[in-house]
Amino acid sequence: MTASFRTGLSAVALAVGLTGPALAGPTYENASGGTFTFYGQFDPTWMSFDDGVNTYNDLVDNTNSNSRVGFYLRQPFGAYKFQFQFETALGLKSSASVTQTSEPKNLKWDRTKLRHVDFSLAGDFGKVSVGQGSMASDGASGSDLSGTTLVVSQSLIDAAGAYELTTSAGALSGITLNDAFANFDGGRKGRIRYDTPSLSGFVLSTSYGTEILKSNVDDDYYDIALRYQNKFGDYNMEGSMAVAWTDKASGSDIRDTIASVSVEHASGLNGTLSYGDRDTSGNYYYAKLGYQAKFFSVGTTSMSVDYYSGSDLISSGSESESWGVGLVQKFDDYHVEAYVSYRDYSFSDNSGTSYNDANLVLVGARWKF
């Protein structure tokens, strides 16, 4: 066991050990049935990235599910339900922002860390949401019942996404994992969104939004998504598909098409497929096979292996490939999920340049409260 790996394990063990037995977020209720609920999570991870030339080790916040705090205010009004959600990331050093040449501060908060400042009203008509929050297409590429999305998911760029690939000559290529392994999933914006009531497991959503947390971004975003969730005997199934348009102020508009489906059997076996296409660049396919079981009394063990294949994402003829394995162990009494994963990346194009394979190791734990 290397010294850096021992350091990572020690740091994660310390972070988990400091939590102690976790309590569910407190909920307070008023006389008319309204509630206030506070919640949060802490997700430190040790990240080791090898770009084929050098290895970089760091203790970071896992961007797959970053550390955050938030609260809900919920109030019924007859047949209607009003909700306000506030949620912000803590601003800890992100696994997605560390690079070979720069490293963000351990703690830096600004308004871009706000995830939800979101009002909604729900009833028989469905649900209308207004404010900073998820666009309709947010998560549409990520239907996943494997229990391993903390470390193994179609969003490869949430960990180490800012690192650059290196050439066989040992130089930085200028091509980041963010660009070479895109997933085209929707995000969070200042938006207005409508979700229909569930009909036999189907929910149709649409939204229109703009960027309100970053300066000098005048693009318009609109999308439509269809989600499905149901159970058939021993099978659970969830799926989604979405089309999202970005009207860029520069005039180079974008259309993204994404879809995903995941099925789990009562035995614990599960499978996931995802697809994404951008009309101005390329596309990708993603597949995962997983298994969940309660080997230990402390909680469920989830494991999976996945494969990603992208075409034309950087340039015509470019090919991006990645495979990964991950394991997540729950500790129910402590509201902790400990995890470890390994991922390999490879890339080629028609430029005549050869690129080194890269790999990533994550070891961490998420504590929810």
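Residues numbered from 1 in each chain as written. Predicted model: local features only at pLDDT ≥ 70, side-chain atom pairs only at ≥ 80, totals over all residues. Heavy atoms only, no water.

(A) Up close: the pairing of strand β21 (residues 358–368). Where burial is concerned, most of β21 is hidden: eight out of the eleven residues are buried. In this sheet, β21 lies alongside strand β2 (residues 35–42) in antiparallel orientation, the contact comprising two bridges. Each bridged residue has a counterpart across the sheet, and for Phe42 the counterpart in β21 is Trp367. Pairing geometry for strand β3 (residues 44–50) and β21, over six bridges, is antiparallel. For Thr45, the partnering residue across the bridge sits in β21 and is Gly364. Of the pairings in the sheet, the one linking strand β20 (residues 336–348) to β21 comprises ten bridges and is antiparallel in character. Across the sheet, the residue bridging to Val336 is Trp367, located in β21. (Buried < 20%, exposed > 50% of the residue type's maximum accessible area, 1.4 Å probe, protein only. Helix = DSSP H or I, 4+ residues; strand = E, 2+ residues; numbered from the N terminus. Pairing = 2+ DSSP bridges.)

(B) Broad picture of the environment of Tyr228. Within the secondary structure, Tyr228 is located in strand β13 (residues 220–232). Owing to a relative accessible area of 15%, Tyr228 belongs among the buried residues under this scheme. The sequence separation of Tyr228 and Gly34 amounts to 194 residues, and the corresponding C-alpha distance is 29 Å. Ignoring sequence-local partners within four residues, the contact set of Tyr228 consists of Ser200, Gly201, Phe202, Met237, Glu238 and Gly239. There is a polar contact of 3.1 Å between the side chain of Tyr228 and the side chain of Asn230. (Contact = heavy atoms within 4.5 Å. Polar contact = N/O pair within 3.5 Å; in protein donor to acceptor, adjacent residues only side chain to side chain.)

(C) Looking closely at unusual backbone geometry. You will see that Phe184, though not glycine, has its phi angle at about 60 degrees, which is positive. We classify Phe184 as buried; its relative accessible area is 8%. Even without glycine at this site, His335 takes up a positive phi of about 55 degrees. Relative to the assigned elements, His335 resides in the loop between β19 (319–331) and β20. For His335, a relative accessible area of 32% corresponds to the partly exposed category.

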